[in-house]
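Listed below are the residues making up each chain.
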Amino acid sequence: MPQTLQLLTYDYVADILVRREEHRAGHLGLIEAMSREGVMVMAGAVGDPVDGGAFVLRDTAAVERFLAEDPYVAAGLVVAHAVTPWTVVTPL
């Protein structure tokens, strides 16, 4: 049965690998907490070298919470983001 999730994508600053260190534990901790709560389905870095991130969340409220609480956003490491509804037709 199709399910609509929210795909959140980030574009990072050019020197993300250097600047993220002091914020990384908080960023990963938030992902872990939201995953345990069942509102974050998956998350990961994009690119090699890393230049963005992708996050799949259950609903727009979870997206808004993640954006509000993510240390990467607060530190200015995210230069742009997009939210796209994603209808998934395969089991999770």
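Our structure is the block above this text.
In this report, we go over the structure that sits alongside the text. What you see is a predicted model; the values in this text were computed from it and never measured. Along each chain, residues carry numbers from 1 onward, in the same order as the chain's sequence is written. With the structure being a predicted model, the display of local features is reserved for residues of pLDDT at least 70 and the display and counting of side-chain atom pairs for 80 or more, all residues being used for whole-chain, interface and lining totals. To get the side-chain values, take all heavy atoms of the structure and skip hydrogens and water.

**What about the overall build of the chain?**
Thought 1: Under the scheme used here, helices are H or I runs from DSSP no shorter than 4 residues and strands are E runs no shorter than 2 residues, and both carry numbers assigned from the N terminus. For the chain, the helix and strand inventory stands at 4 helices and 4 strands.
Thought 2: When the helices and strands of the chain are listed from N to C terminus, the series reads β-α-α-β-β-α-α-β.
Thought 3: For a compact globule the rule gives 2.2 Å times the number of residues to the power 0.38, and the radius of gyration it is set against comes from C-alpha atoms. For the chain, the C-alpha radius of gyration of 13 Å lies close to 12 Å, the compact-globule estimate for 92 residues.
Thought 4: Its C-alpha atoms give the chain principal-axis dimensions of about 40 × 25 × 20 Å.
Thought 5: Counting only contacts in the chain whose residues sit at least 6 apart along the sequence, the fraction spanning at least 24 positions is 76%.
Thought 6: Separation of charge centres in the chain, based on 6 positive and 12 negative side chains, amounts to 5 Å. Any pair of residues with heavy atoms lying within 4.5 Å of one another is described as a contacting pair. Charged residues are defined here as Lys and Arg on the positive side and Asp and Glu on the negative side; His and the ends of the chain fall outside this count. Lys charges are placed at NZ, Arg charges at CZ, Asp charges at CG and Glu charges at CD.

**A closer look at the pattern of salt bridges**
Thought 1: Note on definitions: salt bridges are taken to be side-chain nitrogens of Lys or Arg within 4 Å of carboxyl oxygens of Asp or Glu. Taken as a whole, this structure holds 4 salt bridges when the rule is applied.
Thought 2: Among the salt bridges present, the one from Arg-19 reaches Asp-15, with a minimum N-O distance of 3.5 Å.
Thought 3: Accessible area is worked out with a 1.4 Å probe on protein chains only. A residue is then buried under 20% of its type maximum, exposed over 50%, and partly exposed in between. On the accessibility criterion, Asp-15 (36% relative accessible area) is partly exposed.
Thought 4: With a closest N to O distance of 2.5 Å, Arg-65 and Glu-37 form a salt bridge. Taken as a pair, Arg-65 in helix 3 (residues 60-69) and Glu-37 in the loop between helix 2 (21-36) and strand 2 (40-47) lie far apart in primary sequence, 28 residues in all.
Thought 5: When its relative accessible area of 27% is taken as the criterion, Arg-65 is described as partly exposed.
Thought 6: With a relative accessible area of 47%, Glu-37 lands in the partly exposed category.
Thought 7: Three or more residues joined by partner-sharing salt bridges are found here, namely Glu-37, Arg-65 and Glu-69.

This is a description of form; function is not addressed.
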